[in-house]
Every structure is written in C-alpha cells, then in structure tokens.
Amino acid sequence: MDSLLLPYPKVMLFDWHGTLVDTHGAMYQAIEEMLAQLDELDLVRHILPEEDANTEDDEKLIRYIRIYRHLHPRVLAEQRISRTDVFEVLFGDNPEANAIAHKAYNDCYRNHYGEVKPFQAGMYEYLCYLKELGIKLGVVTNRSREFLDPELACVEQGRWQGLFDVTLCGDEMWHYKPAPDSMQQAAESIGERASRQLWYIGDSVTDMMTATRAGVSKVFYNGALWTPHWFEQTFSQQGQHRCDPDIIIDDFDELLDLVLQSQDNPFTEEQRQQRPPRLPPRQLQPPRQEPDWHPAVARLTYPKVVLFDWHATLVDTLDAMYHAVDDMLKELKQMGLLEQLVDSAQCKSPDDQRLVEYVRDNLSLHPKIKLDRKISRTDIFEILFADNEIAKQLAHKGFTEHYRKYYGNALPFEAKVKQMLEGLRKLGLTVGVITNRDREFFLHELNTVDGSWAHLFDTEICGDDTRRRKPHTDQILKAADNLNFNPDADIWYVGDSTTDVIAAKSAGITSVFFNGAQWDQPWLNKIFPGNERYPYKPDVVVNDFAEFWALILSCRKRSLHQD
C-alpha cells in the first residue's frame with residue numbers, strides 16, 4: 001500500500017461503529033443472537049463454500065459458523081471485525097442473503113443497543129477542527145436510522161449532533177455497503193459528487209470495497225491496531241487487492257496530518273496552528289494472562305486421532321447415572337464396601353472429604369451433588385475408594401446391575417455434537433470412544449442417540465473390554481492398538497473427569513478436559529493442583545464443543561504453516 005498524498009478533501013464521510021464510536025458490546029451480542037437464527041432464516045444454504053473464502057481466517061469463520069451458528073471465541077474476545085464484514089465473509093455479494101441478515105441483525109440489535117462512546121479520546125475536537133477547515137462531514141453506515149439517531153443523541157451528551165452535514169443509514173441506501181451507491185447518495189445530498197476529493201474513512205474491508213467501487217479516496221482507520229501482516233494477508237488475496245486502502249491511519253492525529261499535507265490544500269498557517277494538541281498514540285491492551293491450559297495459550301500437537309469419553313462429554317445420561325449410583329450406595333454394607341471407603345484424611349480436598357463422610361453416614365449422594373450434576377460416577381468411585389482396585393471393581397459391578405433399570409435415553413450433550421463429529425471426520429481425523437460404561441449399555445445408547453452415531457467412530461472401547469477401567473491406561477492402549485497408532489501427543493482424549501485426565505496423561509497422550517460442568521477457575525485449580533501427590537493436569541481445558549472446534553482449527557492452521 002503506497003504512502004501517497006491524497007487530493008485535499010472537500011468532503012469526509014465516516015463509517016460509524018468502529019471508526020467514530022465504539023458499540024462493540026451491543027453489536028456482538030446482536031450478531032450472536034442473529035447467527036443462532038440462521039436455520040429459521042433459511043440462510044444456511046446461502047453461506048459461501050469454504051473453498052470460496054478469500055483468506056484462511058475467512059475459511060475458518062465460515063466453517064465455524066456453519067457448524068456452531070455463532071462466532072469463534074477469538075473473534076468475540078478480540079472484537080475487531082464488524083458485522084458487515086462477518087456478513088460479507090458468509091454471503092459474499094449475495095444481496096438477498098445480506099438483506100435478510102441485516103434485517104435480522106437489526107431486530108436483535110434492538111434488544112442491546114444504547115451504550116455508545118467515542119472510539120478514541122479527543123474525537124469531538126478532531127471533528128470540530130475538520131469543520132473549521134471548511135470540510136463537509138458526514139456519516140455513512142449500514143446501521144439503521146432507528147439506531148443511529150439515538151446513539152448520535154447520546155454520545156458525549158449529544159454534543160456531536162451538529163457536527164455532520166449528512167448522515168446516511170443502511171435502511172435509506174439503495175443497497176447496503178459494499179455497494180457504492182451510498183457514496184454518491186451522501187455526496188449529492190450536500191451538493192457534492194463522489195470523486196477523489198471525497199474521502200471515506202472506515203475500519204473494515206467492506207468500507208474499502210465501498211470506496212473503491214465508488215471511486216473515492218480510501219482511508220483505513222486501523223481502530224483494531226491490526227499488524228502489517230494482517231493487512232498483507234487481508235488485502236493480498238485475489239479480488240481484495242484492488243480494494244487496498246490508499247492510506248492506513250492508527251488514530252485521528254494521523255488523519256489530521258494527512259489532511260494538512262494533502263495536495264493543493266488551501267489551509268493557512270493560522271489554521272494549521274489551531275489544530276488540537278497531539279495525544280499519545282493509541283496502544284493495544286496488554287494480553288490477558290491465561291492459565292497454561294487455556295486454549296489461547298496451550299500449544300498442542302495437531303491430532304491424528306481424537307478419542308472421546310461418552311457420558312457427560314458426548315451424551316447426557318445424568319439422570320439414569322445418578323439414580324443407579326444412589327441405588328448402589330444404599331447397598332454398600334451388604335456388598336462389604338462400607339468399610340472399604342477411604343479415610344477422609346487421605347482425600348485430595350475438603351469437598352472430597354465431605355463427599356466421603358456424607359456417603360458413609362447416609363449411604364447416598366448429597367442432594368447438592370445430584371442437583372449440580374457435575375461429577376461422574378467414575379470420579380465418585382475414585383474419591384470413595386482411591387487406589388483400592390477390588391473395591392472399585394465391585395462398585396462398578398453394583399452400578400451396572402442398577403443401571404439396567406434406568407438406562408435407555410441418551411441425549412447429545414450439546415445441540416451440534418453430531419455435526420462436530422462429522423466435521424472431524426471430514427478433516428481426515430480418526431475418531432473413537434473410550435468409556436467406563438459396559439458394552440451392553442453403550443451399544444444401545446450409541447445406536448439410539450440422535451438417530452444413531454454408530455457410523456461416526458473408528459473404535460469403541462468399553463469398561464468391560466479390558467481388565468482395568470480408567471483411570472488406568474488399559475482402554476487407551478487398547479484403542480491405540482486397534483487403530484495401529486502409538487500412544488503419543490497426536491492422540492487426544494477428550495473427557496469431563498479427573499479420571500479421564502489421569503488416564504490420558506498416564507498413557508502419554510494429549511489430555512483435553514471437557515468442562516461441560518462449567519467449573520470455575522478456582523475449582524479447576526483445586527482438582528488439578530499439579531503437585532507431587534496429584535501431578536496430573538490437562539493439557540488444555542475447553543468449556544464447550546464450540547471452543548473445542550476452534551482449538552482443532554487453530555492447531556490445524558498452525559500445523560499447515562509448519563508443513
């Protein structure tokens with residue numbers, strides 16, 4: 001992108017959100033709400049094929065939204081792209097799909113808008129100075145008039161309302177940006193024309209496409225403080241290259257520099273001396289420090305094999321499971337297991353101590369445990385009997401006998417689990433299940449859940465297929481042997497319990513803790529202390545399968561770059 005002098009501006013038109021003002025919170029909430037409606041809006045069929053994406057990031061966004069119907073966690077965390085850019089990635093130049101998407105977005109935005117602030121310090125003073133130079137100012141935004149007017153009225157207590165000679169909203173345009181009509185419409189309304197002496201200042205690829213098609217000067221406001229690499233990647237693609245910005249600015253001091261240095265400008269020395277004082281350059285917020293198992297921090301080997309726990313990871317059978325555990329606990333004395341309960345002083349945490357003591361006193365689970373639905377029967381048995389293998393085997397046997405009375409109805413743990421599993425297979429990954437569930441129950445659930453998932457797995461290892469169950473490594477080693485893989489970091493095991501983590505780490509494979517129970521950070525630190533007595537910690541923690549899928553795609557991208 002050349003650093004050139006632009007012809008001095010008679011008119012400066014600005015994008016609104018992400019350029020003049022910050023309304024990120026409401027915007028992203030509305031996008032998320034709208035994406036959840038893609039099916040009922042009949043927009044899924046309009047989503048572009050992934051191979052038509054302009055960049056790898058666009059491909060990842062398309063794939064992610066196609067499966068999960070919401071934004072990638074990193075996009076939500078960074079809040080750097082506009083809703084118009086999201087729709088442009090999803091639907092390209094499809095006017096029908098874009099119109100439906102923008103209308104649905106507006107319906108959702110109604111539930112969230114209202115909070116608006118200047119995008120950077122000194123914005124009012126910068127705009128006033130531009131007006132004093134005799135430049136006509138305007139706003140051209142895909143935002144609807146219904147939202148722009150209230151936001152303009154409330155930003156900095158309404159003192160911006162007299163700044164603009166024209167405001168043009170999406171519901172007043174002949175076509176939404178990136179169609180060029182808006183530039184001509186806005187210019188004509190104030191007696192000007194769309195030419196290089198009209199500058200359009202915006203923060204998105206869509207804004208640059210609009211300006212290119214209209215033949216006006218293109219100034220990219222780098223509000224997100226993207227790096228040069230981002231610009232190179234974003235604008236070097238075929239079809240995007242012709243939309244290169246003329247100039248990139250990081251703040252409005254740089255915009256004033258451009259104006260005062262513009263070709264054939266008529267500004268006097270007195271006018272130059274009246275410019276607002278320079279402010280310190282804008283800086284990115286320091287990155288948040290995450291625990292080493294956070295997906296944004298963890299550096300994992302891209303998997304060749306992904307193995308999953310069954311209950312409370314892929315499927316929900318919690319009601320039946322807790323009924324069967326409670327029935328078994330009532331028989332601890334008859335089974336000779338009451339005296340086998342671990343000494344509470346040997347427990348990992350006070351919570352484990354309370355569980356053991358409650359079971360010893362009441363021969364049942366505490367009601368809060370059944371209400372929270374956060375702990376598996378395998379973890380319960382690990383807490384109650386620790387390293388006593390014979391006691392645990394008897395407990396599992398007693399559980400199985402009672403589970404026959406309750407099992408049968410397995411539901412997907414999340415709405416898009418099947419699509420996620422299919423997505424893994426389309427990426428060429430080998431997929432399997434390792435569960436402490438006995439085969440008679442697992443096969444029934446496998447063949448009835450969501451119409452049957454039997455075709456989705458290359459191997460299934462059940463609790464009664466090996467001599468020892470998790471947390472021992474027998475089942476993982478058997479799965480690896482079945483698939484002709486050596487236990488290594490390129491095998492991932494995804495499970496919701498400490499038992500799953502111990503089994504994975506003991507076998508030398510990658511442990512992905514599926515935090516479906518939504519434990520908070522203090523609790524995760526408590527159950528995975530990483531000390532000498534309890535050394536096993538997951539390699540990464542994901543809170544849902546959307547986050548897991550994002551992790552897979554991130555590792556895949558890094559692997560492709562390394563290759």
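Residues numbered from 1 in each chain as written. Predicted model: local features only at pLDDT ≥ 70, side-chain atom pairs only at ≥ 80, totals over all residues. Heavy atoms only, no water.

Enquirer: I'm lost on the overall build of the protein chain in this one. Help?
Expert: Per the secondary structure count, the protein chain includes 23 helices and 16 strands. Its C-alpha atoms put the protein chain at 95 × 45 × 40 Å along the principal axes. Restricting to contacts in the protein chain with at least 6 residues of sequence separation, those with at least 24 account for 75%. (Helix = DSSP H or I, 4+ residues; strand = E, 2+ residues; numbered from the N terminus. Contact = heavy atoms within 4.5 Å.)

Enquirer: Please explain the pattern of salt bridges as it appears in this structure.
Expert: Pairs can form between side chains of opposite charge whenever their charged atoms are close. Enumeration over the complete set of coordinates arrives at 37 salt bridges. R278 is the partner of D257 in a salt bridge, and the nearest nitrogen-oxygen pair spans 2.6 Å. Of the two residues, D257 sits in helix α11 (residues 252-261) while R278 sits in the loop between α12 (269-273) and β9 (305-308), which places them 21 residues apart along the sequence. The exposure class assigned to D257 is buried, which follows from its relative accessible area of 19%. (Salt bridge = Lys/Arg side-chain N within 4 Å of Asp/Glu carboxyl O. Buried < 20%, exposed > 50% of the residue type's maximum accessible area, 1.4 Å probe, protein only.)

Enquirer: Would you explain the packing of aromatic side chains in this entry?
Expert: Two numbers describe a pair of aromatic rings. These are the distance of the centres and the angle of the planes. Within this structure, the stated rule accounts for 30 aromatic pairs. Three or more aromatic residues joined by ring pairs make a cluster, and in this case those are F308, F413, W492, F514, F545 and F548. Positioned over the ring face of Y124 is R159, at 3.9 Å from the centre of the ring. The ring of Y534 is capped by K348, whose NZ or CZ atom sits 4.9 Å from the centre of that ring. (Phe/Tyr/Trp six-rings, centres within 6.5 Å; stacked < 30°, edge-to-face > 60°. Lys NZ or Arg CZ within 6 Å of the ring centre and 35° of its normal.)

Enquirer: How do you make sense of the nonpolar core when you look at a structure like this?
Expert: F308, L314, M420, W453 and F548 are the most contacted members of the largest nonpolar core, which totals 42 residues. With nine residues, the top contributor of residues to this core is helix α23 (residues 545-562). If sequence neighbours within four positions are ignored, M420 has contacts with I67, Y68, F308, L314, F545, F548 and W549. Among the nonpolar cores identified, the runner-up in size contains 38 residues, and W16, V155, V219 and L260 belong to it. (Core = buried A, V, L, I, M, F, W, Y, C linked by side-chain atoms within 4.5 Å.)

Enquirer: Help me understand the sheet that holds strand β8 (residues 247-249) in this model?
Expert: Sheet strands pair via backbone hydrogen bonds, and the direction of the pair is either parallel or antiparallel. Strand order in the open sheet formed by six strands is β5-β4-β1-β6-β7-β8, with parallel pairing between adjacent strands. Both edges of this open sheet fall to β5 (166-168) and β8, since each of them pairs with a single strand only. Averaged over neighbouring strand pairs, the angle between their axes works out to 20° when direction is ignored. (Pairing = 2+ DSSP bridges. Axes fitted to C-alpha atoms, helices over the stretch in contact; angles between N-to-C directions.)

Enquirer: Looking at this model, I keep getting lost on the packing of helix α4 (residues 83-91) against helix α5 (residues 95-109). Mind explaining?
Expert: It is the contact of α4 with α5, at a shortest axis distance of 10 Å, that shows an interaxial angle of 145°. Regarding α4 and α5, the two cross each other, and that crossing is right-handed. When α4 is examined against α5, the residues R83, T84, F87, E88 and F91 are found in contact with a partner set consisting of A97, N98, A101, H102, Y105 and N106. Residue composition of the contact of α4 with α5, by class: five nonpolar, four polar and two charged. (Left-handed = near helix turned anticlockwise from the far one by under 90°. Nonpolar A, V, L, I, M, F, W, Y, C, P; charged D, E, K, R; others polar.)

Enquirer: Looking at this model, I keep getting lost on the pairing of strand β7 (residues 217-221). Mind explaining?
Expert: Two faces make up the sheet, and in a regular strand the side chains alternate between them. In terms of burial, β7 is largely enclosed, as five of its five residues are buried. Alternating positions in β7 separate into two faces, S217, V219 and Y221 on one and K218 and F220 on the other, with burial throughout. Here strand β6 (residues 198-202) pairs with β7 via four bridges, running parallel. The residue bridging I201 from the neighbouring strand is V219, located in β7.

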